[in-house]
Amino acid sequence: MWPVEKIPIKSRLFYRIHETWIDEGEVNPGVFQQRGEKTKKGMSTDWEKYSSPQQSRLRCKNPRKNGVINFITKDLRGLQLEVIHSPFIINEPIKEKPWIKSNRAHTNVKGDVENVKIRLQLLDLFKWEIQPSKPLN
Amino acid sequence: MIGIHLKTNEFRFPKHGYQIWSKNSKQFFKNGKDYGIRKKANEFVIYEENPTVTLKNTVTIELPSRFYELDREVENSKYILALENDWDDEGSVAYQEATWKKAIQFTSNYAKWVFDETSRVIPTPKIAPGPNGSIDILWKSPNYRLLINIPDNLKKQASFYGDNYSTDTIEGTFNPSNFNQGLLLTILNLY
């Protein structure tokens, strides 16, 4: 198992955005939400130390339909959100979701992400890494 | 009923059909077809049908024709109901019809209320999928922004936050069916 590391405040975190969340070129704030249950609950991102934006884009079912944005860790902590390195290992491929593989970069953003104020502020903070319209290669 | 001067005003015709009558009530056009005698006239009176939004052949809302853009946005937002479970490949859930109806009924009632109170047509918001089966209603301009979230659990309160991108902010929760509507008017009017 990979160790859990402390993420520096200047680190970029990559977050995938499915094209359906984008309307007339603008990201809908509903895209910012936590997934999972209990201790695994969080907004899933990838830490730049162990992932490129391109690798992050490929960690989903339909990479062609997804873009990637980034947040700076310091900005998220400034909103009172926790940024917690959460690497995981998949020993057996998940039958229904074979694209999910071990991920040392995985980082959970925890807190009141779904709050309307926080979501509007997240819209201010992100920067595009890869637009969904960009070809894979 | 709206009076216009054709020489000076531009008018976008409503999608639900229209009739143009000359001031002395001789009909000229109906739904784009030319009827009657052409006649030089600068002033017309236009009668419009109120646009409606229907779902499964049932009228969900009816708006005065001046809310043409809002009607169009509500129509466009129907795509939300077609999103199935896991529509974004990240596990997002499908949206319930009741949540969408609550969102559009709140928006249209609010628009009508503001017009009745102030004679102003509110800017058209974006109606969008929210997190966890909720619906977002977003007003965004260079001067202000306001986000309202209608939860999928209709017993829960809606939440809102707005600001002028600076120090003036407004936030809270409310019951979409029964609340102090002037509260939101503050931000839509001020900035």
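Everything here concerns the structure above.
All figures in this text were calculated on a predicted structure; none of them were measured in a lab.

Thresholds applied
- Residues numbered from 1 in each chain as written.
- Chains lettered and ligands numbered in written order.
- Predicted model: local features only at pLDDT ≥ 70, side-chain atom pairs only at ≥ 80, totals over all residues.
- Helix = DSSP H or I, 4+ residues; strand = E, 2+ residues; numbered from the N terminus.
- Expected span 1.5 Å × (residues − 1).
- Buried ≥ 20, exposed ≤ 12 C-beta atoms within 10 Å, placed from the backbone.
- Contact = placed C-beta atoms within 7 Å.
- Nonpolar A, V, L, I, M, F, W, Y, C, P; charged D, E, K, R; others polar.
- Core = buried A, V, L, I, M, F, W, Y, C linked by C-beta atoms within 7 Å.

Because each turn of an α-helix spans 3.6 residues, side chains separated by three or four positions in sequence point in the same direction. Residue and element names in this part refer to chain B. With 22 residues, helix α2 (residues 97-118) should reach 32 Å at 1.5 Å per residue; the first-to-last C-alpha distance of 31 Å fits that figure. By the burial criterion, the buried members of α2 are Thr99, Trp100, Ala103, Ile104, Phe106, Thr107, Ser108, Tyr110 and Ala111. Ser119 occupies a position one or two residues after α2 and carries a positive phi of about 60°.

Relative to the assigned elements, Arg104(A) resides in the loop between β6 (82-85) and β7 (106-110). Residues Arg104(A) and Asp124(A), 20 residues apart in the sequence, show an inter-C-alpha distance of 28 Å.

With 17 residues of chain A at the interface, the matching set in chain B holds 20 residues. A per-element tally of the side of chain A that touches chain B places helix α3 (residues 116-125) of chain A first, with four residues. Tallied by class, residues from the side of chain A that touches chain B come to five nonpolar, six polar and six charged.

This brings us to the nonpolar core. In terms of nonpolar packing, the biggest core is built from 30 residues, with Ala103(B), Ile135(B) and Leu147(B) touching the most fellow members. Going through the elements one at a time, α3 of chain A together with α1 (68-76), α2, β8 (126-129), β9 (135-140), β10 (145-150) and β11 (158-163) of chain B are the ones with two or more residues in this core. In terms of residue count, α2(B) provides more of this core than any other element does, six residues in total. Discounting chain neighbours no more than four positions away, the residues touching Ile135(B) are Ile80(B), Tyr95(B), Thr99(B), Trp100(B), Ala103(B), Ile127(B), Pro129(B), Gly130(B) and Ile150(B).

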